[in-house]
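# Coordinates in review
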Amino acid sequence: MQEKSRGLALFTFLVFLFLLGPLLIISITSFEGGNILKFPPEEFSFRWYENIFKVKMFFITFKTSIFVSLAGNLLALLLGIPAAYALSRYDFRGKNVLNLIFVSPILIPGIVLGFALLRYVVVAYEFSIYTSLFIGHTIIMLPFVVRVISSSLSNFDFSIEEAAQSLGLSKVGAFFKVVLPNIKSGIIAAVMIAFLESFNNVDISVFMTGPGVSTLPIQMLTYVENYFDPTIAAISVLLMIITAIFMFMVERLMGLSYFTKR
Amino acid sequence: MSKKYIYLLLLPGVLFLTIFMLVPIFMTMGTTFFREDGFTVEGYLQFFKDPYFMGILFTTLRVSVITTIISIFLGFPVAYFVSKMGPRKKAFLLLLTIFPLLTSPVVRSFSWMIIIGKNGVLNNILTGIGLIEEPLSILYTPTAIIIGLVHLFLPLIIITLVGVMENIEPDLLTAAESLGASKLGVFAKVVVPLCVPGLVIGSILVFVGSFTAYTTPALLGGKQRVISTFLYQNAITLNDWQVASIVAVIMIVVTVLVISLMNVLAKKLNPRG
């Protein structure tokens, strides 16, 4: 019996090696001193981290990515919080259909959504690339916002809201003074998860590039097609650090169960 | 509370998604069935007669099926191991699983380019220890896409199954053991059947994810096209929106079919009824 558990432990170790090894290797190669990506690196240096700041497009697209993710996040919250509240607080006709509409951006293949947006929003309405990116990213963030805030609301005791109303607060007043403060951590978690989803998005952004306008992941893809130096490895390390910080914050706010629940 | 008020809360979001998502999607679907002379399925007929496209569709399906099978094979035992751990070790292992899941797909695909490339880590090690003479060409093949996709979706299978396995009452396992079942017997006869719904959900996520993934095949597949990179190529490089729309509809249909089929299957196979 001991043998079998040890076998299982070894198997688990190897699978984790498969999952995390590549990320470790990319981190190590980012410190390469030479011109070519090599593992292990021949000499140690930070020169490729410096190179990130020398390639102007990385900085420009980074700013675009941040802008699109933050602005889209804000709109997704404005649209998503009332929807999540209605969906988790009340029972009404058509609830299942409305639920489905709010999760559908996850179900529709990203590349299909990106193409449809290009054809019927960018081209048809002649929106600018920025506006189109903003709309597209709001769409993909909405399901995450609605899902995280709904799960936060499902832990909220609505009798507190009713008590506040019976004590004289208006419906709207009770929402802002009682409900909203109680789901604060859920909202912060929703913002972070939606941000990562948007910031890492390729499928939609890949259809929305123009002269000098693009998001960071798309710029990284273009760069890899032309150069194979450790700059992308260096950016990857920075992105992984951001990811890790966000993950720990979501874990603090929502607990691990947020990730394991399906 | 009046019902109108509830719908008013949902209206902005629904309106936004309708205008910018549902209408564009349905318009894309509609254009593939209508030409100057009315309703037609000619576009689709031409498509399914074209061996080049059928090759891409078949490769994509094959890659997705293999990815799903490997992910389950690797993920199931790991999920079992993780779910048996104490709370602190379990939390630690779950964080190690979630981290790659949240990491950018560009970063993850790029890391595999470093490993399986012609002068990559793997070839350096294998030629270094003299196991092979010529470097293996894995990068830019369907195998590379499968490796990248398994890496992408394995965490999803693991955390889904851990969630399901946590819900199995430990008493059930103790009961089975005290009735004479071996540890392996408990695993095969109690744990596995109870995990079927989780396995089905996990398989849907991995299959649909693999079938529609863009970044991984774009970086690791090279000239080897899959359906998503084929759609992009037609939409952007070749500017053939008619073909791109037909591919989009095929992707939606396959996705919806797989999800519905698996849902029916999950209901039938659920031992809890």
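Residues numbered from 1 in each chain as written. Chains lettered and ligands numbered in written order. Predicted model: local features only at pLDDT ≥ 70, side-chain atom pairs only at ≥ 80, totals over all residues.

### A few points about the overall build of chain A
- A count of helices and strands for chain A gives 12 helices and zero strands.
- Each helix and strand of chain A, ordered N terminal to C terminal, gives the series α-α-α-α-α-α-α-α-α-α-α-α.
- Each principal axis of the C-alpha distribution contributes one length, and for chain A these read about 70 × 65 × 30 Å.
- The burial tally for chain A puts 43% of its 262 residues in the buried class. (Helix = DSSP H or I, 4+ residues; strand = E, 2+ residues; numbered from the N terminus. Buried ≥ 20, exposed ≤ 12 C-beta atoms within 10 Å, placed from the backbone.)

### Considering the overall build of chain B
- Across its full length, chain B holds 13 helices and two strands.
- With the C-alpha coordinates aligned to their principal axes, the bounding extent of chain B is approximately 75 × 75 × 35 Å.
- Pairs at least 24 apart in sequence give 75% of the contacts found in chain B among residues at least 6 apart. (Contact = placed C-beta atoms within 7 Å.)

### A word on the UniProt feature "transmembrane region" (unreviewed entry) in chain B
Residues and elements named next belong to chain B.
- According to UniProt, the positions carrying the feature "transmembrane region" (unreviewed entry) are residues 7-32, 52-80, 92-117, 137-165, 186-211 and 241-266.
- Strand forms 0% of residues 186-211 and helix 96%; the C-alpha atoms that close the span are 34 Å apart.
- Along residues 241-266, the helical share is 100% and the strand share 0%, with 37 Å between the first and last C-alpha atoms. (UniProt positions renumbered as here; feature names shortened; annotations may be inferred.)

### Some thoughts on the UniProt feature "domain: ABC transmembrane type-1" (unreviewed entry) in chain A
- Using the residue numbers shown here, the UniProt feature "domain: ABC transmembrane type-1" (unreviewed entry) corresponds to residues 62-250 of chain A.
- As annotated, residues 62-250 of chain A has a helix share of 78% and a strand share of 0%, and its two end C-alpha atoms lie 23 Å apart.

### Thoughts on the UniProt feature "transmembrane region" (unreviewed entry) in chain A
Residues and elements named next belong to chain A.
- Following the UniProt record, one finds the feature "transmembrane region" (unreviewed entry) at residues 57-85, 97-121, 127-146, 174-196 and 231-250.
- The span residues 57-85 is 100% helical and 0% strand by assignment, and the distance between its end C-alpha atoms comes to 41 Å.
- The span residues 97-121 is 92% helix and 0% strand, and its two end C-alpha atoms sit 24 Å from each other.

### Comments concerning the interface of chain B and chain A
- In this complex, chain B contributes 64 residues to the contact, which on the side of chain A involves 68 residues.
- Per-element tally for the side of chain B that touches chain A: the top contributor is helix α1 (residues 3-31) of chain B, with 16 residues.
- In the side of chain B that touches chain A, the residues fall into 49 nonpolar, 12 polar and three charged. (Nonpolar A, V, L, I, M, F, W, Y, C, P; charged D, E, K, R; others polar.)

### Side note on helix α6 (residues 129-153) of chain A
Residue and element names in this part refer to chain A.
- Along its 25 residues, α6 runs 35 Å from first to last C-alpha, staying within 8% of the 36 Å computed at 1.5 Å per residue.
- The largest bend in α6 is about 35°, located at M141, with the proline P143 one to four residues further on.
- A large share of α6 lies buried, amounting to 20 of its 25 residues. (Expected span 1.5 Å × (residues − 1). Bend = angle between axes of the 7 residues up to and from the residue.)

### Description of helix α10 (residues 196-212) of chain B
- The first and last C-alpha atoms of α10 of chain B sit 24 Å apart over 17 residues, in line with the 24 Å expected at 1.5 Å per residue.
- For α10 of chain B, a buried count of 14 out of 17 residues is recorded, marking the element as mostly surrounded by other parts of the structure.

### Details of the packing of helix α4 (residues 87-102) of chain B against helix α7 (residues 142-166) of chain B
All names here are of chain B.
- Running from N to C, α4 and α7 point in directions that differ by 140°, and their axes come no closer than 9 Å. The angle between α4 and α7 falls in the class oblique. Pair α4 / α7 crosses with left-handed handedness. Contacts from L94, T97, I98, P100 and L101 of α4 reach α7 at P155, L156, I158, I159 and V162.
- Among the residues making up the contact of α4 with α7, the classes are represented as nine nonpolar, one polar and no charged. (Axes fitted to C-alpha atoms, helices over the stretch in contact; angles between N-to-C directions. Parallel < 35°, antiparallel > 145°, perpendicular 65-115°, else oblique. Left-handed = near helix turned anticlockwise from the far one by under 90°.)

### As for unusual backbone geometry
All names here are of chain A.
- Here the phi dihedral of E126 falls at roughly 55°; this positive angle occurs in a residue that is not glycine.
- Secondary-structure assignment places E126 in the loop between α5 (110-123) and α6.
- Note on E126: 9 C-beta atoms within 10 Å, which makes it exposed.

### Notes on the UniProt feature "domain: ABC transmembrane type-1" (unreviewed entry) in chain B
- Taking the UniProt record as the reference, the feature "domain: ABC transmembrane type-1" (unreviewed entry) is found at residues 57-262 of chain B.
- Annotated as 80% helix and 0% strand, the span residues 57-262 of chain B places its first and last C-alpha atoms 20 Å apart.

### Points about the nonpolar core
- One finds F115 and V145 of chain A together with L231 and A248 of chain B to be the most contacted residues of the largest nonpolar core, which totals 145 residues.
- Here this core takes 17 residues from α7 of chain B, the largest share from any one element.
- V145 of chain A has contacts with A76, L77, G80, A190 and A194 of chain A, leaving out every residue within four places of it along the chain. (Core = buried A, V, L, I, M, F, W, Y, C linked by C-beta atoms within 7 Å.)

### Quick notes on the environment of T67 of chain B
Residues and elements named next belong to chain B.
- Following the sequence through the fold, T67 ends up in helix α3 (residues 51-83).
- Looking at T67, the number of C-beta atoms within 10 Å reads 27, which means it is buried.
- Leave out the neighbours within four places in its chain, and T67 touches I146, L149, V150, F153, V206 and S210.

### What to know about the confidence of the model for chain B
Residues and elements named next belong to chain B.
- For chain B, per-residue confidence averages 89 on the pLDDT scale, and residues scoring 70 or more make up 98% of the total.
- In the model of chain B, strand β1 (residues 34-35) stands out as the element of lowest mean pLDDT, 79, in contrast to α3, which has the highest, 95.
- Across the predicted assembly, pTM comes out at 0.91 and ipTM at 0.91. (pLDDT = per-residue confidence, 0-100.)

### A closer look at the environment of I201 of chain B
- Relative to the helices and strands, I201 of chain B resides in helix α10.
- Spatially, the C-alpha atoms of I201 of chain B and V243 of chain B are 31 Å apart, while their sequence positions differ by 42 residues.

### Considerations on the environment of D157 of chain A
- Summarising the element assignment, D157 of chain A is placed in the loop between α6 and α7 (158-166).
- Sequence spacing of D157 of chain A and V179 of chain A is 22 residues, and the spatial spacing of their C-alpha atoms is 9.2 Å.

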